[in-house]
Amino acid sequence: MSEVLLEASNVTMQFGGLCAVDKFNLTLRSGELVGLIGPNGAGKTTCFNCLTSVYKPTSGSIQIRGVNTKPLRPWQISKLGMTRTFQNIRLFRELTVLDNVLVAGLQHTRHTMFDSVLRTPRHFIEEARLKERALELLAIFKLEGKAHLEAGGLPYGEQRRLEIVRALATEPRLILLDEPAAGMNHSETEDLMNTIAKIRKDFHLAVLLIEHDMKLVMGICERIIVLDHGVIIAEGTPTQIQSNPKVITAYLGAEETV
Amino acid sequence: MAALTDQTARFNTLKSLPAPVVAMMALIGLGVLFDNFTNAYTQFVMVLILTNVVLATSLNLVNGFTGQFSLGHAGFMAVGAYTSAWLVTRPELGALPDFLKFLLLPIGGGLLAAVAGYIVGLPSLRLRGDYLAIVTLGFGEIIRVALLNSDSLGGARGMYGIPSTEAVPALGLTAFSAQFAVASVWAVITFVTLWRIVHSAKGRAFLSVREDEIAAEAMGINITQTKVRAFVISAFFAGVGGSLFAHSVKYLNPSTFTFTKSVDIIIMIVLGGMGSLTGSVIAAVIITILPEMVLRELQQLTGIDLRMVIYSLLLILFMILRPSGILGRLEATDLWKMTLGRRKAEDRKVEGQRVEGKA
Amino acid sequence: MDQSHSQEFIQHVINGVSLGSIYALIALGYTMVYGILQLINFAHSEVYMVGAFAAYYVGSNKYLALTEHQGVGALIVLLIVAIAACSILGVTIERLAYRPLRKAPKLNILITAIGVSLLLQYSGQIVFGSDPKLFPEVIKDVSLFKIGGVEVHSLDVTILVVGTIVMLGLHFLVQHTKIGIAMRAVSSNEMVARLMGINVNRIISFTFILGSSLAGVASVLVGLKYPKIDPLMGMLFGIKAFVAAVLGGIGSLPGAMLGGVLLGLCEEMVVGYISSTYRDALAFGILIVILLFRPAGLLGSVQREKV
């Protein structure tokens, strides 16, 4: 079996009296594409925040490639090869598209700030390499023509794509995508899903995907986890999930009544 | 597979050498030129301009580029000034040629100020915005009170008769032009260092912290380290500025380095644009000349000190009418490129979008 | 020997509490504005300074001759004058300088606040002159009674009585009146308060009036206790009062009162037992320690950023 990248066991997150996530368990192996779904307020984003150390879970343990993440800060999580995008787009708005990607690639450069101040040969080599790599990534997402525009000025769909490019620039093994298709129209969404499938192959990535668009998740995920009120109520293949009565009441059922 | 060959990289390194040297020589030349037809007072103001350039650009790294808000720059400046004034009297330094000694003294002041910056930066990191502002203000005041209570540094009386550079006949420099040369060298070093930091991918880490700490951290940026670095670098150059200041006014007193002094420097970066180094330089020149040359006349006429009244009014008006300052986050070179770009038909569209993006 | 030690200690406690209640009055103004606008109102300390000068000019006016009619009546006149001057100034500052920036980045408003503070300091030096003035003595400082061998003076009693009355009044106003409830609503969530039909601008103006009035009261009390007033008197005192607000937990009214009294006591103890030269650094030392170990202050609560 392939390598275990992420292992969360009994992760619980409480805010005061509210239990946002209750005993969350997840094992993610390299190359997997898993969907995390659930109604609004089910605790999906809180899960992401726990996994990436933005929140410190109240109890439970998380291991990334065998390393316990409890004492780690979010930037160290990124160095372990796990990265994320944000539901409420958090780009560096006043930096250019290219700079957004360059910053994410910094952890893989070998030059120091002294090199940059003295403009040593190493500075030029490393920065050129970084830039080349960033432009390649931007090209995959058809953003290379906008490299010198301000990120905050991009149309919404492009901002979402740029978030993914920026995350990829950290050279992750595992990427957490928080509603990457939110606010996109049908054809944009389809486009995005094809790209996600493609980068997953090309970069040998494991993907954990939060998504609201049920059809989309069903279409590309091999395994789906359903969260409701912070508790995992179902886990399985898309077909299993679709026929699970618990899921239908908690989620699909609720949608049908709309 | 490097995108750049070693040879090209080495060539680039060589190419980046002349500009700072030329800038230094030009400034030193300016000093020599002005030497003949200016009085002592104008000469003092000229050195003060360069000192303020050092102080303003360095504060901009923390307040403009890293998005933190320090109100304690005067404290770091004080550390540098006192250190330098103390060092200069040490017999151990007597062996050095006079000019070289004064050229190197700012390093001493800068290093101790950098240590202070590290001490301030470390605990301040958990705080944001106005809390950080008030804590840095507090640190600045603590430094001042400590100076007031240190008898070996003159306490409340201060330090008098601090030595300054003397003429260097071998290089054709008078006392003033030698002093101006030291200030020129350091002003250029400060500006070039900061410019190269913020204009490299490495330095974009500072800007990413300004833009969004949580996202920066998720992208592998150690934000604690980045903020501490900003504080340390900024404090180092504040110390350098303090050292230049000490040897040009030749008299130090703890009351020089109050909160008001910090605000003076803040006014420069606000006016010039937080996040614009060239803006800071322009503002430092204006803000130094304005009170010394123009307001002084006004004060002699009216008998009241209008300097701070006008400054504070400027500060308020700028914040309400043009909060981004003269240049905003653009550099003077960006404006130049944009004008060039407009002339070229093929660039017109791209640049237009860029301007839209800024607005 | 022992007795003189305890007498000295009691004396320091009395001084500390009396200084502390003045800090508390100013801290309340900072904390209320911070609660509603998330702004350190740097100009608050200058509002307080102007209050002291307004009272000074009325109190030392020859025709009113208030100093010849020492007593509670004269004190009330001065309090009203200072409250009126401070309220008008406070509201004017909010209208002209802060309101146009309501939607601007927080940093811009902070810089504006610093600008307003400096403007008042330096125009104060032009208008009032930079030399210290002697505040009119409307309450005679006589020894009223003794506690444990320590004489308690009328000024300290006045400060404590006035401070307590004002703070109790504030507590009632905020907790039990309609406008007080509206203030708390705006402070807890401005948008929801607006949707509930609260006129947010009016509440903000009212908050400034209230905070400035307290500063007005404090300015008269300070004038009585430390009679030398000058245009720069506000700056350090104000920053320390802000530290008191942070110490108690910014946004919390009981916190501001507690923080003020604690800071006053600590300062008085440092002056009494260590050295007066470190007095001004103490507040900042406390500030740094509290922000490191309990950033929400003694009575405040932490807020989490939504990711």
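Values in this document were obtained by computation on a predicted structure and should not be read as measured data.

(A) Structural view of the overall build of chain A. Assigned secondary structure in chain A consists of ten helices and ten strands. Computed over the C-alpha atoms, the radius of gyration of chain A is 19 Å, within 12% of the 18 Å expected from 2.2 N^0.38 for a compact globule of 258 residues. Each principal axis of the C-alpha atoms in chain A carries an extent, and together these give about 65 × 40 × 40 Å. Taking all 258 residues of chain A together, 47% fall into the buried category. Expressed as a percentage of contacts within chain A between residues at least 6 apart in sequence, the contacts between residues at least 24 apart total 67%.

(B) Here's a closer look at the overall build of chain C. When helices and strands are counted, chain C shows eleven helices and four strands. Taking 307 residues into account, the globule formula puts the C-alpha radius of gyration at 19 Å, and chain C, at 19 Å, falls close to it. For chain C, the residues scored as buried account for 50% of the 307 residues in total. Contacts in chain C between residues at least 24 apart in sequence constitute 76% of all its contacts with a sequence separation of at least 6.

(C) The arrangement of unusual backbone geometry in detail. All names here are of chain A. Even without being a glycine, arginine 65 presents a positive backbone phi close to 45 degrees. Structurally, the position occupied by arginine 65 is in the loop between strand S4 (59-64) and strand S5 (67-68). On the neighbour-count criterion, arginine 65 (15 C-beta atoms within 10 Å) is partly exposed. Notably, lysine 142 is not glycine yet its phi reads approximately 55 degrees, a positive angle. By the element assignment, lysine 142 lies in the loop between helix H5 (121-140) and helix H6 (156-168). With 12 C-beta atoms counted inside 10 Å, the residue lysine 142 sits in the exposed group.

(D) Up close: the interface of chain B and chain A. Facing 37 residues of chain B, the contacting portion of chain A comprises 42 residues. Those elements giving two or more residues to the side of chain B that touches chain A turn out to be helix H1 (6-15), helix H7 (175-198), helix H8 (204-211), helix H9 (213-218) and helix H15 (345-358) of chain B.

(E) Looking closely at the nonpolar core. If you look at the biggest cluster of nonpolar residues, it comprises 280 residues, and the most contacted ones within it are Ala27, Ala82 and Val217 of chain C. Among the elements that make up this core, the one with the highest residue count is helix H1 (residues 2-37) of chain C (14 residues). Residues from two domains meet in this core; each of domain 1 (1-81 + 172-258) and domain 2 (93-169) of chain A gives at least three.

(F) How the structure looks around the packing of helix H3 (residues 40-65) of chain B against helix H12 (residues 277-302) of chain B. Residues and elements named next belong to chain B. Following both chains from N to C, one finds H3 and H12 inclined at 140 degrees, their axes separated by 8 Å at the closest point. Judged by the angle between their axes, H3 and H12 are oblique. Crossing angle aside, the handedness with which H3 passes H12 is right-handed. Facing Val45, Leu48, Ile49, Asn52, Val53, Ala56, Thr57 and Asn60 of H3, the residues of H12 in contact are Leu277, Ser280, Val281, Ala283, Ala284, Val285, Ile287, Thr288, Ile289 and Glu292. Each residue belonging to the contact of H3 with H12 can be placed in one class, and the counts come to twelve nonpolar, five polar and one charged.

(G) Representation of the sheet that holds strand S10 (residues 231-236) of chain A. Residue and element names in this part refer to chain A. In space, the six strands of this open sheet follow the order S6-S7-S8-S3-S9-S10, with mixed pairing throughout. Each having just a single partner strand, strand S6 (82-84) and S10 make up the two edges of the open sheet. Strand-to-strand twist in this sheet, taken as the mean axis angle between neighbours without regard to direction, amounts to 15 degrees. With four bridges joining them, strand S3 (residues 33-37) and strand S8 (residues 206-210) adopt parallel strand pairing. Bridging from a neighbouring strand, leucine 33 pairs with valine 207 of S8. Contacting S3, S6, strand S7 (174-178), S8 and strand S9 (223-228), helix H1 (residues 44-51) crosses the sheet at an angle of about 150 degrees to S7.

(H) Here's a closer look at the interface of chain B and chain C. Listed as interface residues are 30 residues of chain B and, on the opposing side, 33 residues of chain C. Of all the secondary structure elements, the ones that give two or more residues to the side of chain B that touches chain C are helix H6 (129-148), helix H11 (259-272) and helix H13 (307-321) of chain B. The element that contributes the greatest number of residues to the side of chain B that touches chain C is H6 of chain B, accounting for twelve residues. Considered class by class, the residues forming the side of chain B that touches chain C number 23 nonpolar, four polar and three charged.

(I) Focus on the sheet that holds S5 of chain A. Residue and element names in this part refer to chain A. Read from one edge of the open sheet, four strands run S2-S1-S4-S5, paired in antiparallel fashion. Here the strands that pair on one side only, and so sit at the sheet edges, are strand S2 (18-29) and S5. Here S4 pairs with S5 via two bridges, running antiparallel. Each residue of the ladder has a partner; that of glutamine 63, found in S5, is asparagine 68. Where H1 meets the sheet, its contacts fall on strand S1 (4-15), S2 and S4, and the angle it forms with S2 comes to roughly 65 degrees.

(J) Representation of the pairing of S8 of chain A. Residues and elements named next belong to chain A. In terms of residue burial, S8 counts as a mostly covered element, since five of its five residues are buried. The side-chain alternation of S8 yields two buried faces, one formed by Ala206, Leu208 and Ile210 and the other by Val207 and Leu209. Pairing between S7 and S8: five bridges, direction parallel. What sits directly across from leucine 177, in S8, is leucine 209. As for the winding sense of the linkage, the β-α-β connection from S7 through helix H7 (residues 186-202) to S8 is right-handed.

(K) Representation of the domain arrangement of chain A. All names here are of chain A. By the assigned domains, chain A splits into domain 1 (1-81 + 172-258) and domain 2 (93-169). In this structure, domain 1 and domain 2 have C-alpha centres spaced 27 Å apart. Contacts between the two partners involve twelve residues from domain 1 and, on the opposite side, nine residues from domain 2. Of the residues contributing to the side of domain 1 that touches domain 2, the split by class is seven nonpolar, three polar and two charged.

(L) Layout of helix H2 (residues 44-59) of chain C. End to end, H2 of chain C covers 22 Å across 16 residues, agreeing with the expected 22 Å (1.5 Å per residue, within 8%). Here H2 of chain C lies mainly inside the structure; 14 of its 16 residues are buried.

(M) Structural view of H8 of chain B. The buried count for H8 of chain B comes to eight of eight residues, which makes it a mostly enclosed element. Within the span of H8 of chain B, buried status applies to Arg204, Ala205, Phe206, Leu207, Ser208, Val209, Arg210 and Glu211 of chain B. Buried-residue contacts for H8 of chain B involve helix H3 (97-105) of chain A together with H3, H7, H9 and helix H10 (223-249) of chain B.

(N) Looking closely at the environment of glutamate 331 of chain B. For glutamate 331 of chain B, the position within the fold is in the loop between H13 and helix H14 (332-343). Sequence separation between glutamate 331 of chain B and glycine 273 of chain B is 58 residues; the distance between their C-alpha atoms is 9.2 Å.

(O) Spotlight on the packing of helix H5 (residues 154-176) of chain C against helix H6 (residues 178-188) of chain C. Residue and element names in this part refer to chain C. Between H5 and H6, the least distance of the axes is 5 Å, while the angle of their chain directions is 75 degrees. It follows from the interaxial angle that H5 and H6 lie roughly perpendicular. Of the residues in H6, those touching H5 at Leu173, Val174, Gln175 and His176 are Gly180, Met183 and Arg184. Looking at the contact of H5 with H6, its residues break down into three nonpolar, three polar and one charged.

(P) A look at the environment of glutamate 46 of chain C. All names here are of chain C. By the element assignment, glutamate 46 lies in helix H2. Glutamate 46 sits 75 residues away from glutamine 121 along the chain, and the two C-alpha atoms are 6.6 Å apart. Residues contacting glutamate 46, with those up to four places away along its chain left out, are Ser117, Leu120, Gln121 and Gly234.

(Q) Region of the structure containing the pairing of S4 of chain A. All names here are of chain A. Two strands pair when backbone bridges link them, and S1 and S4 are joined in this way by five bridges, in the antiparallel orientation. Among the inter-strand pairings, serine 9 is bridged to a residue of S4, identified as serine 61. From the end of S4 to the start of S5, which pair antiparallel, there are two residues, and arginine 65 there has a positive phi angle of about 45 degrees.

(R) The arrangement of the confidence of the model for chain C in detail. Residue and element names in this part refer to chain C. For chain C, the average pLDDT comes to 88, and 96% of its residues sit at 70 or higher. Per-element mean pLDDT across chain C ranges from 78 in strand S2 (residues 143-147) up to 94 in H2. Reported confidence for the predicted complex is 0.91 by ipTM and 0.89 by pTM.

Cut-off values and rules
Residues numbered from 1 in each chain as written. Chains lettered and ligands numbered in written order. Predicted model: local features only at pLDDT ≥ 70, side-chain atom pairs only at ≥ 80, totals over all residues. Helix = DSSP H or I, 4+ residues; strand = E, 2+ residues; numbered from the N terminus. Rg over C-alpha atoms; globule rule 2.2 N^0.38 Å. Buried ≥ 20, exposed ≤ 12 C-beta atoms within 10 Å, placed from the backbone. Contact = placed C-beta atoms within 7 Å. Core = buried A, V, L, I, M, F, W, Y, C linked by C-beta atoms within 7 Å. Domains from an automatic or database assignment. Axes fitted to C-alpha atoms, helices over the stretch in contact; angles between N-to-C directions. Parallel < 35°, antiparallel > 145°, perpendicular 65-115°, else oblique. Left-handed = near helix turned anticlockwise from the far one by under 90°. Nonpolar A, V, L, I, M, F, W, Y, C, P; charged D, E, K, R; others polar. Pairing = 2+ DSSP bridges. Right-handed = clockwise from strand over helix to strand, strands pointing away. Expected span 1.5 Å × (residues − 1). pLDDT = per-residue confidence, 0-100.

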